[in-house]
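# Examining the three-dimensional arrangement
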Amino acid sequence: MTSPISNNVIPLPLNRALSDIRERLEVASEEAVTGRKSNLVADLNGQVDRALLSQKAVTDIATQRDQLNLRGTRLELAQQSVAVIQEVSSGFDTRLSTALGVDDVPSIEFAALDASVAIDQIFSSLNIRHGERYLFAGDASDTPPFPDASVLLDDIRTIAATALDTADFSAQLDLYFDDPAGPFQQTIYSGAPTASDPDAVLGTDPAIVELLKGLSVLALAGPDEVLPIIQDDPDVLQSAAESLFSGQTAIVTLQADRGIIQEQIEKTQESLDIEETILSQAFNDITARDQFEAAAQIEELQANLEAALLLTSRIANLSLINFLR
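The structure reproduced in this document is the subject of the present report.

Conventions adopted
Residues numbered from 1 in each chain as written. Predicted model: local features only at pLDDT ≥ 70, side-chain atom pairs only at ≥ 80, totals over all residues. Heavy atoms only, no water. Helix = DSSP H or I, 4+ residues; strand = E, 2+ residues; numbered from the N terminus. Buried < 20%, exposed > 50% of the residue type's maximum accessible area, 1.4 Å probe, protein only. Contact = heavy atoms within 4.5 Å. Areas by Shrake-Rupley, 256 points an atom, 1.4 Å probe, with all protein chains shown as cover. Salt bridge = Lys/Arg side-chain N within 4 Å of Asp/Glu carboxyl O. Arc of directions from axis to C-beta. Core = buried A, V, L, I, M, F, W, Y, C linked by side-chain atoms within 4.5 Å.

Scanning the protein from N- to C-terminus turns up 13 helices and two strands. Of all 325 residues assigned to the protein, the portion counted as buried reaches 38%. Looking at the protein alone, contacts between residues at least 24 apart form 74% of all its contacts between residues at least 6 apart. Accessible surface, the protein as shown: approximately 18,200 Å² in total, 54% of it carbon and sulfur.

Laid out in structure tokens, this is it:
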């Protein structure tokens, strides 16, 4: 076994040369693997600022892309929920108006049963979340925005049972749903009244509220209900049909508005992709290291290191007798 060579017997210039070769070999090995210059400050001279700015710009683009992807994901989930709301509430206005026109009570009752199911589906869609964030709850994103649909129907049932007449019922209904201080926004909806996220859709969006108003009145026209003010006055159900039509129109507009935002996000992502390609190419042109050239340098440095080690070994074995020979 060969004993390690003591630095004390190696001339200082040779020792420095060995250290220099080892350092250069380490740098060349790293560059051969990464394909990039190791020490930008030393290797790029006056271009180092340009390279660092390009690198920062590429990093900033990655951050922007992550933010856009997050926005896009949330928007897509919200759009899917709104699409469900639009689908499950579609056609009720026509069914109800047609049945009222011919006084078709069984059709009204069937529509009422379907309306009750639709409210359940709407509340379920509005309680969707992305991670731990409820998307329709505004800034109260850690809170599910809606309770069981039966809570809403119980409230409207009470209004219908206690209303003095049709006009009183209509006034109470408008107060319940449309007034920011009314029960719908204060007790049914558990989210925040505002959203710091400009892309967010609140559960109190007028389109959603208008649909729920029409559906809740229609749902209480079912065969198991005893509410004369709804079941015996066609004007009440006709108003519900109008609310359903208005809500459907507004829901389509809401989908279109969010679709425009999604399109803008996609275009921004495409622009970032182009910008990143240009900046990455510029950065690579400045900082790239020819890997074949680095590999050739490694071979040369290894040969130099072996020669230097051989020389140090001979120096270490020198003695006065060997010198006199």
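Turning next to the pattern of salt bridges. Side-chain pairing between opposite charges can occur once the charged atoms of the two side chains come close. Scanning the entire structure with this criterion turns up twelve salt bridges. Here Glu276 makes a salt bridge to Arg65, at a shortest N to O gap of 2.9 Å. With Glu276 in helix α11 (residues 234–287) and Arg65 in helix α3 (residues 48–89), the pair connects residues that are 211 residues apart, well separated along the chain. What makes Arg65 buried here is its relative accessible area of 19%. A salt bridge links Lys213 to Asp174, with the nearest nitrogen and oxygen atoms 3.2 Å apart. In this pair, Lys213 sits in helix α9 (residues 206–219) while Asp174 sits in helix α7 (residues 166–178), placing the two residues 39 residues apart along the sequence. The exposure class of Lys213 is buried, given its relative accessible area of 6%. The class of Asp174 is partly exposed, set by a relative accessible area of 35%. Sharing partners across several salt bridges, the network here consists of Asp174, Asp178, Glu210 and Lys213.

It is worth spelling out helix α4 (residues 92–101) at this point. Within α4, the full set of buried residues consists of Phe92, Asp93, Leu96, Ala99 and Leu100. Along the axis of α4, the buried residues cluster in a sector spanning 140 degrees; they form a single face. Summarising the geometry of α4, the exposed residues directed more than 90 degrees from the buried face are Thr94, Thr98 and Gly101. Remark: Asp103 follows α4 within two positions and exhibits a positive phi of approximately 55 degrees.

By size, the foremost hydrophobic cluster in this structure holds 58 residues, and its most contacted members are Ile119, Phe123, Leu152, Phe169, Phe177, Phe184 and Ile230. With residues near it in sequence (within four places) discarded, Phe177 still touches Leu152, Ile156, Phe184, Gln185, Val209, Leu212, Lys213 and Ser216.

Any functional reading would require information beyond the geometric quantities listed.
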